[in-house]
Amino acid sequence: MDTTKTADPTAPEADTAEPQATEAAEAKADLKDAPAAESAEAPEADLSDEDLEDELHDELDETEQRSEGVGAAASAVVAAGLGLVALSGSWVSRVIAERQTLVGQIESVNAATTEAKIEALYGDAWHMTALVNGVLSTLALLLAVFVLARPAFGAPGRTLPTWVRAVSWAAVALGALGVLLFGLMYFDILAPLPKAA
């Protein structure tokens, strides 16, 4: 008689052995999939860091653009203001002209001719007014030209806002008109001194 026993397939021990084997196989499969999942998630973390750096870089560029835009706008307004002040007559030119008139009164005492007296009393004061206003017009013109030329030397693709360009061109026109007008006045071409009889 054979004394060896064959396992009964309906026995509870056989049922518990099969689930343990399948659980072990699933655990091994999870361990194999885990490094692949980690390696798949790692590039996403790197991409997010790069995205953050790109966003920070873009924000810095926008800040630089705003600061440059504010500087250009302020320079354009100052240039236009200088051009207007020069054409209408500045307080500085008036004070210098009055001082020159006082100096001319002192010098006119020793003047021998009438033309010399006119030159000392009025001519020098007019010339000083034209000179100071001409300097202001030149500053306005140079500043406006600098504002208009600045984008050409900066990063490509950056342009000034339309109103800044318009104000700058107005300042160029005012400055050029002032330089021409006060240059002609300084050299006695536009409004020469009257001649004595």
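Only a predicted model underlies this, so the values are computations on that prediction, with no experimental measurement involved. (Residues numbered from 1 in each chain as written. Predicted model: local features only at pLDDT ≥ 70, side-chain atom pairs only at ≥ 80, totals over all residues. Heavy atoms only, no water.)

Here we come to the overall build of the protein chain. For the protein chain, the helix and strand inventory stands at four helices and zero strands. Listing each helix as α and each strand as β along the protein chain from the N terminus yields α-α-α-α. By the burial criterion, 19% of the 197 residues in the protein chain qualify as buried. Look at the contacts in the protein chain between residues 6 or more apart in sequence, and 80% of them connect residues 24 or more apart. Per element, the accessible surface of the protein chain, about 14100 Å² overall, is 64% carbon and sulfur. (Helix = DSSP H or I, 4+ residues; strand = E, 2+ residues; numbered from the N terminus. Buried < 20%, exposed > 50% of the residue type's maximum accessible area, 1.4 Å probe, protein only. Contact = heavy atoms within 4.5 Å. Areas by Shrake-Rupley, 256 points an atom, 1.4 Å probe, with all protein chains shown as cover.)

Attention now moves to the nonpolar core. Counting residues in hydrophobic clusters, the biggest one holds six residues: A72, A73, A76, V147, L160 and V164. When residues of this core are assigned to their parent elements, the largest contribution, three residues, is made by helix α1 (residues 12-88). Residues in contact with V147, not counting those within four places in the same chain, are A72, S75, A76, L160, V164 and S168. (Core = buried A, V, L, I, M, F, W, Y, C linked by side-chain atoms within 4.5 Å.)

Residue-level pLDDT values for the protein chain average 79, and 65% of them are 70 or greater. Within the protein chain, helix α4 (residues 162-186) carries the highest mean pLDDT (95), whereas α1 carries the lowest (65). Below pLDDT 50 for its whole length, residues 36-47 participates in zero contacts with residues either more than four positions away or in separate chains. (pLDDT = per-residue confidence, 0-100.)

This brings us to the pattern of salt bridges. Throughout the structure, instances matching the rule amount to one salt bridge. The partner of E98 in a salt bridge is R94, with the nearest N and O atoms 3.6 Å apart. With a gap of four residues between them, E98 and R94 both fall in helix α2 (residues 91-108), about one helical turn apart. E98 sits in the partly exposed class, given a relative accessible area of 47%. (Salt bridge = Lys/Arg side-chain N within 4 Å of Asp/Glu carboxyl O.)

What follows concerns the packing of aromatic side chains. Going through the model one piece at a time under the given rule, you end up with two aromatic pairs. Between Y122 and W126, the ring centres sit 6.1 Å apart and the planes meet at 40°, which makes this aromatic pair tilted. With a gap of four residues between them, Y122 and W126 both fall in helix α3 (residues 114-153), about one helical turn apart. A relative accessible area of 46% places Y122 in the partly exposed class. For W126, a relative accessible area of 43% gives the class partly exposed. Taking 5.2 Å as the distance between ring centres and 90° as the angle between the ring planes, the aromatic pair formed by Y186 and F187 counts as edge-to-face. A residue is classified by how much of its surface remains accessible, and Y186, at 34% relative accessible area, is partly exposed. (Phe/Tyr/Trp six-rings, centres within 6.5 Å; stacked < 30°, edge-to-face > 60°.)

One non-glycine residue, D188, lies in the positive phi region at around 60°. Along the chain, the position of D188 falls in the segment after α4.

Along the polypeptide, G134 turns up in helix α3. Taking the C-alpha atoms as reference, G134 lies 6.2 Å from G178; in sequence the two are 44 residues apart. Filtering out sequence-adjacent residues up to four positions away, G134 remains in contact with V179 and F182.

A few words on α3. Its 40 residues give α3 an end-to-end C-alpha distance of 56 Å, which sits within 8% of 58 Å, the value for a rise of 1.5 Å per residue. Residue A120 marks the point of greatest curvature in α3, where the axis turns by about 40°. Near the N-terminus of α3, the side chain that reaches the backbone nitrogen of A116, with its oxygen 3.2 Å away, is that of T113. (Expected span 1.5 Å × (residues − 1). Bend = angle between axes of the 7 residues up to and from the residue. Polar contact = N/O pair within 3.5 Å; in protein donor to acceptor, adjacent residues only side chain to side chain.)

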